[in-house]
Amino acid sequence: MDTLTLKILYMIGLVSCFVIRFPHQKETKTNQIVANRRTVQEKILLFLVYIGMLVLPVIYVFSPWLKVADYELPLWANWLGVATFAIALWLFWRSHHDLGKNWSPTLELREGHTLITYGIYQYIRHPMYTSIFLWCIAQALLIPNWIAGSAGIVSFGIMYILRVGNEENMMLEQFGDDYKMYMGQTKRLVPYVL
Ligand code: SAH
């Protein structure tokens, strides 16, 4: 595919993610935080992801500054990127929908926080993170640039590795045996596998 088409497709995906998240971001603001694990590490990781998944792709799309790192990808890889982004968007929407008022951009517990084990959460414990990984793969397949294309998977990969254990510990502290049982019944990212 030509560069302009790829850029347009990528931006459609990126804007769709914001459209999906926007109502939840608004709703979550009205819901009181009762436990906050927003550590310095969390803030740095969120900043890193913001650079890797938003700032660098946007610089790539709207400026020639990263051109030195461009490379070519075969057409099938671009189409795979489109399909991966479509699945990522569906899963991103579905996990926001099922998590409802319990969603937070960082590690927090909200007033009246309930443990969600239904909907997409009955299959895996971190469907939103699965969707973000898929989004990062789509970023690499739709942005043929060593810097902007791979920055998502690198930044989110680091964030996931350093966050997921803390998140599960927080959930264990809050929901005890219920979460332990839920952990025994589900995998983290891919049903039955991982
Ligand atoms: N890791 C989950 C949720 C990401 S949003 C996913 O990938 O789908 C992060 C917040 O969701 C955390 O601060 C935690 O409070 C909340 N959370 C995570 N799993 C949850 C669950 N099963 N039920 C309710 N809240 C959950």
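Residues numbered from 1 in each chain as written. Predicted model: local features only at pLDDT ≥ 70, side-chain atom pairs only at ≥ 80, totals over all residues. Heavy atoms only, no water.

Draft legend 1. Looking closely at the overall build of the protein. Broken down by element type, the protein carries five helices and two strands. Counting from the amino terminus, the protein carries its helices and strands in the arrangement α-β-α-α-β-α-α. Expected size for 194 residues packed as a compact globule is a radius of gyration near 16 Å; at 17 Å, the protein falls within 12% of this value. Over its C-alpha atoms, taken along the principal directions, the protein stretches across nearly 50 × 35 × 25 Å. Residue pairs in contact within the protein that sit at least 24 positions apart in sequence constitute 82% of those at least 6 positions apart. Summed over all atoms, the accessible surface of the protein reaches about 10600 Å², with 67% contributed by carbon and sulfur. (Helix = DSSP H or I, 4+ residues; strand = E, 2+ residues; numbered from the N terminus. Rg over C-alpha atoms; globule rule 2.2 N^0.38 Å. Contact = heavy atoms within 4.5 Å. Areas by Shrake-Rupley, 256 points an atom, 1.4 Å probe, with all protein chains shown as cover.)

Draft legend 2. Geometry of the site of the ligand. Around the ligand lies a shell of 21 residues, among which E108, I116, Y121, H126 and E167 are the nearest. Here E108 contributes a backbone N or O atom positioned 2.6 Å from an oxygen atom of the ligand. One nitrogen or oxygen atom from the side chain of Y121 is found 2.6 Å from an oxygen atom belonging to the ligand. Here the ligand has 540 Å² of accessible area as a free molecule, and 100% of this is covered by the chains. Looking at which element gives the most residues to the shell around the ligand, the answer is helix α5 (residues 146-185), with four residues. Residues of the shell around the ligand, tallied by class, amount to twelve nonpolar, six polar and three charged. (Near = heavy atom within 4 Å. Polar contact = N/O pair within 3.5 Å; in protein donor to acceptor, adjacent residues only side chain to side chain. Nonpolar A, V, L, I, M, F, W, Y, C, P; charged D, E, K, R; others polar.)

Draft legend 3. Spotlight on the nonpolar core. Counting residues in each nonpolar core, the largest one holds 48 residues, and the members touching the most others are Y10, F85, I132, W135 and F156. Of all the secondary-structure elements, those providing two or more residues to this core are α1 (3-29), α2 (40-62), α3 (75-99), α4 (127-142) and α5. With eleven residues, the single largest contributor to this core is α5. Filtering out sequence-adjacent residues up to four positions away, Y10 remains in contact with M53, P57, F85, W135, Q139, L142 and I143. (Core = buried A, V, L, I, M, F, W, Y, C linked by side-chain atoms within 4.5 Å. Buried < 20%, exposed > 50% of the residue type's maximum accessible area, 1.4 Å probe, protein only.)

Draft legend 4. Spatial organisation of α2. Counted at 1.5 Å a residue, the expected span for α2 with its 23 residues is 33 Å, and the 31 Å between its end C-alpha atoms agrees. Maximal helix bending in α2 amounts to about 35 degrees, located at I51. The set of residues buried in α2 consists of E42, L45, V49, G52, M53, L56, P57, Y60 and V61. Of the surrounding secondary structure, the elements contacted by the buried residues of α2 are α1, α4 and α5. (Expected span 1.5 Å × (residues − 1). Bend = angle between axes of the 7 residues up to and from the residue.)

Draft legend 5. Layout of unusual backbone geometry. Within the chain, Y192 stands out as a residue other than glycine whose phi angle is a positive 65 degrees. For Y192, the position within the fold is in the segment after α5.

Draft legend 6. Structural view of the packing of α2 against α4. With their axes 12 Å apart at the nearest point, α2 and α4 run at an angle of 25 degrees to one another. Considering their axes alone, α2 and α4 lie roughly parallel with respect to each other. Here α2 runs over α4; the crossing is left-handed. On α4, the residues that touch G52, M53 and P57 of α2 are I132, W135, C136 and Q139. (Axes fitted to C-alpha atoms, helices over the stretch in contact; angles between N-to-C directions. Parallel < 35°, antiparallel > 145°, perpendicular 65-115°, else oblique. Left-handed = near helix turned anticlockwise from the far one by under 90°.)

Draft legend 7. Examining the pattern of salt bridges more closely. Applying the stated criterion across every chain yields a total of eight salt bridges. The residue R37 makes a salt bridge to E173 at a minimum N-O spacing of 3.1 Å. Within this pair, whereas R37 is found in the loop between β1 (33-36) and α2, its partner E173 is found in helix α5, the two being separated by 136 residues in sequence. Judged by its relative accessible area of 59%, E173 is exposed. A salt bridge links R188 to E168; the shortest N-O distance between them is 2.9 Å. Remark: E168 occurs in helix α5 and R188 occurs in the segment after α5; sequence separation between them is 20 residues. On the accessibility criterion, R188 (28% relative accessible area) is partly exposed. What you see here is one network of salt bridges that share partners, running through R38, E108 and R110. (Salt bridge = Lys/Arg side-chain N within 4 Å of Asp/Glu carboxyl O.)

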